[in-house]
Amino acid sequence: MTFWKTFWASLLASFISGILVMLLFFMILSMMIAGFGSMFESKKLTVNDNTVLHMELDGEIGDYTYAEIAGFQLEKQFGLIDILEGIKIAKNDPKIKGIFLNCDNVSAGMATIKEIRDALADFQASGKFVVSYHENYDKKAYYLASVAKEVYVFPSGMFEFLGLGNEIMFLKGALEKLEVEMQIIRGSNNKFKSAVEPLLYDKMSDESRAQAQKYMDALWLEMTTAIASSRNMKVQFLDKIADSAFIRKAGDAVKYKMADGIKYYDEVLDILTKKAGTPAGEELELLSFQKYALKKVKEEQILDKKRDKNIAVIVAEGEIVDGEGEANQIGGASLSAQIREARMDEKIKAVVLRINSPGGSALASDIIWREVTLTKAVKPIVVSMGDMAASGGYYIACGADKIYAQPNTITGSIGVFGIIPYTGDLFKNKLGITFDGVQTNEHAVLSMNKRLTEVELKLIQQGVDDIYEDFISKVGAGRGMKKADVDSIGQGRVWAGTDAKRIGLVDEFGGLQDAINDAAKRAGIAQKDVVIKYYLAAEVDPLFEILENIENPEEEPTEKSRLQMQLTEIYSYLTTIGQTTQYQARLPYLFWIN
């Protein structure tokens, strides 16, 4: 008895002391982290006279800045909102003399690049300079770089200018080898809704090829028109350069007036030193643009904290999914809650919905659309389209007061499809697994392990057609068009912004700032009185800010290879389109421009 009394007393004492030690440890740790974080937060960015901002855009670029730790790695993206605001702040900062644009590839869509390009053009128009230089240029990087009045190339660098192209991966053969049958149901006349074609065919259909060629030509025309304007050239000559492969090395770019000179890095720094007016004997003040933009934008937000916000900017970026969603996803529940919150906030006088999405869940899109139309009834709501606002991305836009897009925005794709894979033969013939069961009614079990009957296929087809009819009805109501006219430009067809404006799917060309200006005007708010409240899907991890302050500015960030990013997108795409619980309104295919 004495033993057990002693045992239980000792055990209880050990347990309580262990808890107290753990609590004490976490309290000390929390205090250390708080002190460590505040040590950096209290630091203000010091900008010296005659500073040149070093703009490197080689990492991921999205609509908003976010960071999270995943798999012991810091995953982060630099946001367009911060990039544009940073350029605007730098334009009015007397200590900033110019921008050194130094990137060989840009992980962003064409419309995002155009917005950055336009902001840099405005920066130059203020009397400040932009100088571009890199060892290598791909097409998208040169599209951005060509806005600079001075473009330099490395003597033995690579310079690519051969036109645009995209490539689609077809999975039919692999699925046949695995004995997986994809049961596809798309809108009865959705012949352009080619998202499902890689699962059915081994090459593009005529409809898919026609629409892809049309919007690719539109993107190329927008790119060459902008380059021709900046470089004082003709579009036809740029086409000739691409068709004839005139530029095979850096020196060719100078020969054909696409660059201004061949320089080494140190020689470009000498040019920047002179242009910045750096006093003799002193080194060039070169400051990271990313660090400048993030710090300055945060400082402005702190100053604005006490002012009432009157314009809501709600960022909808990524695939549209049911529920809350994650970073780089648009959750039907979470985004609709944000729109509802902005609508109910009496201090918010207008809403800007920034959409950058290939679509996704039809159900989630409908939930968001409802909140957009409810908001439109009580206060202005204006849409700004980014790189793409297609299918479900267009669904959530069509009810707004006005839609802005770039000429190279990908939009439309008004159509619906559903997929139910049949995997019974895979399990039986490859793994020896079979399935059996019971059901109370004939269609109680719609399983991937048994083929759909003709009746079941008809039921699902009717559901898809009903959603499509509802989709084009809502587009017609929102855009003031007849349903038949919407159907004629719908059927799953993808359009570039230039054509989308011509056929009435968008109202004006412009970027996020144009949409904000329009919303303010509709709400009767003067530009000087605009105070923005941003609604984002994810926030920057506090640890990110600490790392940004202590990282070596000379250290190159770790980049994902293009293949790695594409394989990640393919995996995400396949896991999503195979979901049986949702009809989908999404872009016809994964979209990579080479």
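Here the residue index of a chain counts from 1 through its sequence in written order. Thresholds applied to this predicted model are a pLDDT of at least 70 for local features of residues and 80 or more for the giving and counting of side-chain atom pairs; totals over whole chains, interfaces and linings are not thresholded and use all residues. For the side-chain quantities, the full set of heavy atoms in the structure was used; hydrogens and water were omitted.

**Regarding the overall build of the chain**
So, point 1. A run of DSSP states H or I qualifies as a helix once it reaches four residues; a run of E qualifies as a strand once it reaches two. Both are numbered from the N-terminal end. Within the chain, the regular secondary structure consists of 21 helices and 23 strands.
So, point 2. The buried share of the chain, taken over its 594 residues, is 50%.
So, point 3. Whether two residues touch is decided by their heavy atoms; if any such pair falls within 4.5 Å, the residues are in contact. For the chain, contacts bridging at least 24 residues in sequence account for 76% of all contacts bridging at least 6.
So, point 4. When the accessible area of the chain is evaluated, it comes to approximately 28800 Å², of which 55% is carbon and sulfur surface. Each residue is assigned to one of three classes by its accessible area relative to the maximum for its type, calculated with a 1.4 Å probe on protein chains only: buried under 20%, partly exposed between the two thresholds, exposed over 50%. Residue-level accessible areas treat just the shown protein chains as cover; the underlying method is Shrake-Rupley with a 1.4 Å probe.

**A short note on the packing of aromatic side chains**
So, point 1. Any two of the Phe, Tyr and Trp rings considered here, Trp counted by its six-membered ring, make a pair once their centres fall within 6.5 Å; the pair's planes then place it as stacked at under 30 degrees, edge-to-face at over 60, or tilted in between. Under the definition given, this model contains 14 aromatic pairs.
So, point 2. On the numbers, 6.3 Å between centres and 45° between planes, the contact of Phe 237 with Tyr 256 is tilted. Here Phe 237, found in helix α8 (residues 235-244), pairs with Tyr 256, found in the loop between α9 (250-255) and β9 (261-262); they are 19 residues apart in sequence, far enough to count as distant.
So, point 3. Counting every residue linked through ring pairs, the aromatic cluster contains Tyr 137, Tyr 142, Phe 159, Phe 161 and Trp 220.
So, point 4. Over the face of the ring belonging to Trp 495 we find Arg 493, whose NZ or CZ atom lies 4.6 Å from the ring centre. Lysine and arginine charges are scored as sitting over a ring when NZ or CZ, respectively, is within 6 Å of the ring centre and within 35 degrees of the ring normal.

**Notes on the sheet that holds strand β10 (residues 285-288)**
So, point 1. Strand order in the open sheet formed by six strands is β9-β7-β6-β5-β1-β10, and the pairing between neighbours is parallel. Strands at the two margins of the open sheet, each flanked by one partner only, are β9 and β10.
So, point 2. One ladder, built from five bridges, connects strand β1 (residues 51-55) with strand β5 (residues 96-101); its direction is parallel. Paired with Val 52 across the strands is Gly 98, a residue of β5. Between any two strands, pairing holds if DSSP finds at least two bridges.

**Some words on the confidence of the model for the chain**
So, point 1. Along the chain, pLDDT gives the predictor's confidence residue by residue, from 0 to 100. When the pLDDT values of the chain are averaged, the result is 85; 82% of them are 70 or greater.
So, point 2. Confidence over residues 35-42 falls short of pLDDT 50; this stretch has six contacts with residues more than four positions distant or in other chains.
So, point 3. Here residues 550-560 is modelled with pLDDT under 50, and outside its nearest four sequence neighbours on either side it reaches seven contacts, counting other chains as well.

**As for the environment of Ser 357**
So, point 1. Locating Ser 357 in the fold gives a position in strand β14 (residues 350-357).
So, point 2. Taking relative accessible area as the criterion, Ser 357 reaches 0% and is therefore assigned buried.
So, point 3. In the structure, Ser 357 is positioned 33 residues away from Ala 390 in sequence and 6.5 Å away in space, judged by C-alpha atoms.
So, point 4. In contact with Ser 357, not counting residues within four places along its chain, are Gly 318, Glu 319, Ile 320, Ile 330, Met 388, Ala 389, Ala 390 and Gly 393.
So, point 5. The term polar contact refers here to a pair of N or O atoms within 3.5 Å; inside protein, the definition further demands a hydrogen-donor-capable atom paired with an acceptor-capable atom, and it admits residues adjacent in sequence only when both atoms are side-chain atoms. Within the local environment of Ser 357, its side chain forms a polar contact with the backbone oxygen of Gly 318, the two atoms lying 2.7 Å apart.

**Regarding the nonpolar core**
So, point 1. Nonpolar cores were defined as sets of buried Ala, Val, Leu, Ile, Met, Phe, Trp, Tyr and Cys residues, with membership established by side-chain atoms within 4.5 Å. The biggest cluster of nonpolar side chains holds 71 residues, and the ones touching the most others in it are Leu 120 and Phe 161.
So, point 2. Element by element, the count of residues in this core is highest for helix α7 (residues 206-231), at 10 residues.
So, point 3. For Leu 120, the residues in contact, after removing those within four places along its chain, are Met 55, Ile 87, Ile 99, Leu 101, Val 130, Leu 144 and Val 147.
So, point 4. With 47 residues, the next largest nonpolar core counts Ile 330, Leu 452, Val 464 and Leu 505 among its residues.

**Some remarks on a nonpolar patch on the surface**
So, point 1. To count toward a patch, a residue needs a relative accessible area over 30% and no salt bridge; like charges are then connected within 9 Å, while nonpolar side chains (Val, Leu, Ile, Met, Phe, Trp, Tyr) are connected within 5 Å. A pairing counts as a salt bridge when a side-chain nitrogen of Lys or Arg comes within 4 Å of a carboxyl oxygen of Asp or Glu. On the surface, Leu 431, Ile 433 and Phe 435 cluster together into a nonpolar patch covering about 290 Å² of accessible area.
So, point 2. Tracing the sequence through the fold places Ile 433 in the loop between α15 (424-431) and α16 (454-479).

**Thoughts on the pairing of β1**
So, point 1. The buried fraction of β1 is high, at five of five residues.
So, point 2. Side-chain alternation along β1 places Thr 51, Leu 53 and Met 55 on one buried face and Val 52 and His 54 on a second face that is also buried.
So, point 3. Here β1 pairs with β10 via four bridges, running parallel. Pairing of Val 52 across the sheet is with Leu 286, part of β10.

**Focus: the pattern of salt bridges**
So, point 1. Within this structure, the stated rule accounts for 29 salt bridges.
So, point 2. Between Lys 430 and Glu 179 there is a salt bridge, with the nearest N and O atoms lying 3.8 Å from each other. Of this pair, Lys 430 sits in helix α15 while Glu 179 sits in the loop between α5 (172-178) and β8 (181-186), and the two are 251 residues apart along the sequence.
So, point 3. Overall, Glu 179 belongs to the partly exposed group, its relative accessible area being 28%.
So, point 4. Taking the shortest distance from any N to any O, the salt bridge between Lys 474 and Asp 366 comes out at 2.4 Å. Of this pair, Lys 474 sits in helix α16 while Asp 366 is found in helix α13 (residues 362-376), placing the two residues 108 residues apart along the sequence.
So, point 5. Judged by relative accessible area, which is 11%, Lys 474 ranks as buried.
So, point 6. Through salt bridges that share partners, Asp 63, Glu 115 and Arg 354 make up one connected network.

**Thoughts on the packing of helix α2 (residues 80-91) against helix α3 (residues 110-125)**
So, point 1. Between α2 and α3, the least distance of the axes is 9 Å, while the angle of their chain directions is 5°. One way to sum up the angle between α2 and α3 is to call them roughly parallel. Where α2 approaches α3, its residues Leu 80, Ile 83, Leu 84, Ile 87, Ala 90 and Lys 91 are matched on the opposing element by Thr 112, Glu 115, Ile 116, Ala 119, Leu 120, Asp 122 and Phe 123.
So, point 2. Class assignment of the residues belonging to the contact of α2 with α3 gives a composition of nine nonpolar, one polar and three charged. Throughout, an axis means a line fitted to C-alpha atoms (over the contacting stretch in the case of helices), and angles, computed between N-to-C directions, take values from 0 to 180 degrees. If an angle is under 35 degrees, it is roughly parallel; if it is over 145, roughly antiparallel; if it lies from 65 to 115, roughly perpendicular; otherwise it is oblique. Under this grouping Gly is polar, as are all residues other than the nonpolar Ala, Val, Leu, Ile, Met, Phe, Trp, Tyr, Cys and Pro and the charged Asp, Glu, Lys and Arg.

**Observations regarding the side chain of Asn 102**
So, point 1. Note that Asn 102 resides in the loop between β5 and α3.
So, point 2. Of the residues examined, Asn 102 reaches a relative accessible area of 6% and is grouped as buried.
So, point 3. Polar side-chain contacts of Asn 102 include one of 2.9 Å to the side chain of His 54.
So, point 4. Once residues within four sequence positions are removed from consideration, Asn 102 is found in contact with His 54, Met 55, Glu 56, Asp 58, Tyr 133, His 134 and Tyr 265.

**So, the packing of α2 against helix α11 (residues 289-304)**
Each pair of packed helices can be described by the angle between their axes along with the distance between the axes.
So, point 1. Relative to each other, α2 and α11 sit at 85°, their axes nearing to 9 Å. It follows that α2 is roughly perpendicular to α11 by the angle criterion. Between α2 and α11, the contacting residues are Asp 82, Ile 83, Glu 85, Gly 86, Ile 87, Ile 89 and Ala 90 on the first element and Phe 289, Tyr 292, Ala 293, Leu 294, Lys 296, Val 297 and Glu 300 on the second.
So, point 2. A per-class count over the contact of α2 with α11 returns nine nonpolar, one polar and four charged.

**A few points about a negative patch on the surface**
So, point 1. Counted charges follow a simple rule, with Lys and Arg positive, Asp and Glu negative, and His plus the chain ends left uncounted. We put the charge of a Lys on NZ, of an Arg on CZ, of an Asp on CG and of a Glu on CD. Among the surface-exposed residues, Asp 49, Glu 282, Glu 283 and Glu 285 lie close enough to one another that they form a single negatively charged patch.
So, point 2. One can find Glu 282 in the loop between α10 (265-276) and β10.

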